[in-house]
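Summary of the model geometry
One letter stands for each residue in the lines below.
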Amino acid sequence: MNSQKLATGIFVNTNPVMSIGSTVIIIAFVLFTIIAPVYANGIYEAAKRFIATDLAWYYVILMSFFLLLAIYTAFSHFGHIKLGHDDEKPDYSFFSWFSMLFGAGIGIGILFWSIAEPIHHFQSNPFITQGQEKTLEAAQIAMRVSIFHWGLHGWAIFAITGMAIAYFSYRKGLPLSIRSGLYPAFGDKIYGPIGHMADLLAVFGTVFGIATSLGLGAQQMNAGMNYLFGFKINSGNQVVIITIISLLATLSALRGLNNGLHKLSILNMRLTVLMLTFFIVLGPTAYLLGAFATNLGDYITNAVVLGFWVDPNPQSQWQGWWTLFYWGWWIAWAPFVGMFIARISKGRTIKEFILGVLIAPTLLATFWITAFGNTAIFIELFGSGGIAEAVNKDITTALFVTMELMDLGAIIATIGAIICTVMSVTYFITSADSATLVICTLVTMGQQKSPPKLRIFWSLLIGAVAGVLLIVGGLKALQTASIIAALPYSIVLAITTWGLYKSLREELNYSLPYLATPEDAPLPSGYGQNYVHKRNK
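The notes below deal with the structure included here. Keep in mind that what you see is a predicted model, and the values were worked out from it rather than measured. (Residues numbered from 1 in each chain as written. Predicted model: local features only at pLDDT ≥ 70, side-chain atom pairs only at ≥ 80, totals over all residues. Heavy atoms only, no water.)

Right, let's talk about the environment of L136 for a bit. Residue position: L136 is located in helix 6 (residues 136–149). When the C-alpha atoms of L136 and L381 are compared, they prove to be 7.7 Å apart, with 245 residues separating the residues in sequence. Apart from residues lying up to four places away in sequence, L136 is in contact with L381 and F382. (Helix = DSSP H or I, 4+ residues; strand = E, 2+ residues; numbered from the N terminus. Contact = heavy atoms within 4.5 Å.)

Next up on the list: the pattern of salt bridges. Here the structure, examined in full by the defined rule, presents eight salt bridges. Residues D86 and R171 are paired through a salt bridge, measuring 2.7 Å at the closest nitrogen-oxygen approach. Of the two residues, D86 is situated in the loop between helix 3 (56–74) and helix 4 (94–105) and R171 in helix 7 (residues 152–171); the sequence distance between them amounts to 85 residues. A residue is classified by how much of its surface remains accessible, and D86, at 34% relative accessible area, is partly exposed. Between D199 and R179 there is a salt bridge, with the nearest N and O atoms lying 2.7 Å from each other. Separated by 20 residues along the polypeptide, D199 in helix 9 (residues 193–229) and R179 in the loop between helix 7 and helix 8 (183–186) bring together distant segments of the chain. Among the residues examined, D199 registers a relative accessible area of 0% and is labelled buried. Accessibility expressed as a relative area gives 0% for R179, which makes it buried. Overlapping salt bridges bring together D86, R171, K172 and E507 as one network. (Salt bridge = Lys/Arg side-chain N within 4 Å of Asp/Glu carboxyl O. Buried < 20%, exposed > 50% of the residue type's maximum accessible area, 1.4 Å probe, protein only.)

Structure representation (structure tokens):
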């Protein structure tokens, strides 16, 4: 690898362009939003409108393309290739691996939206006619759309990104970094401005994407503590929550991947199983189990149609508010989640990796949204109602109002609220912790053990960004920023994908299995000196 001049102080052992440059860009964006909020929001909204009106087709085709590509790759000749040495075994059991990737990926988001989103679509969406709102037909369509937004299409982006990073790092010896996927296209130039640009986009998207989720998580935790202890719902209390949780996330990041994040992810999954059991057993059990089978089949049947659907009504804002926001969010998070999944996936085959990332989280998301969302819809259709009104008034209270209206009694409802609030905390910590580890890996040019000072700095900076923008009402702008960041990163992802499949084809065409070739065997054409071979001894 080309030598890089390393910074000192907090940024010791980091690339100065990456560490200082990313810090300056993020702080400048936050200050711009604070100092000129009206002007800043005008720019952000104009960019968002342009994407929603003129680029809807691009996002729709892109997401469907990557899903089809991921499925093809898993069952192609590439599927047997290891993400690492041919004789390497996975570092984590499947349960541990899945717990970490789900917690880093969407845990805190799906906890927030699993009731609120279905109830929104239950009241209005483009696929129901006037007068069909809040009916059985509307309920099924609401569940279909909600599961679609959390299903295969989004995880396919994570799978392709994570596979590319893991392949070029563990199989080809390049840094564990976004820039490594550009090597087949640019060679050693990835260690210069081209690579810096790709990694800076990844840091930008990671910080603002995770800060958005942390802001939403803090609002939900505030709602939970309001329900349990009467704490007022306001931005001041939410900033206190962000501060405390950020400190806990910092402690977890300092403990490292195995001692901190790994153990918390296992706790997350156990709490998730506990709450899913809570809703299934104490809720309308037969209705929910039937709804799961129906929802899964309905989603599989309609996934392709929904995946290629572009709203023909230019006056409608629904697709921009929902589907395009989700697609932008998934793409913006792809560097973060892809990097993290790559880091914990060494030793798995490409087929095992893709099918694990696609199928397991989609099944869990479907079951989760069914257990939570269909319980709320059941109450609206056949019970006392009141959840839609609560969601329309304050979206953060959806989960706690639903448990209250399940008529389980004050004690059981309180226990459920406590567990969900704890889940918000643990998912908050694992999301912030994994984001910190990814950012530190990027700014150190792929080093997997970053200095403690650096982890402390980035963990606290992520919390500060979320807190400051929450105070000034900037979460909407921050949300938009992550969508905008997705646009240029989608180009990086396209080039990375081309390079990945170019390299995979060359590996299959190589006369001897990769990593088992003799030291003097010629490299496939197009690889530079820094395309490091790690050979078995």
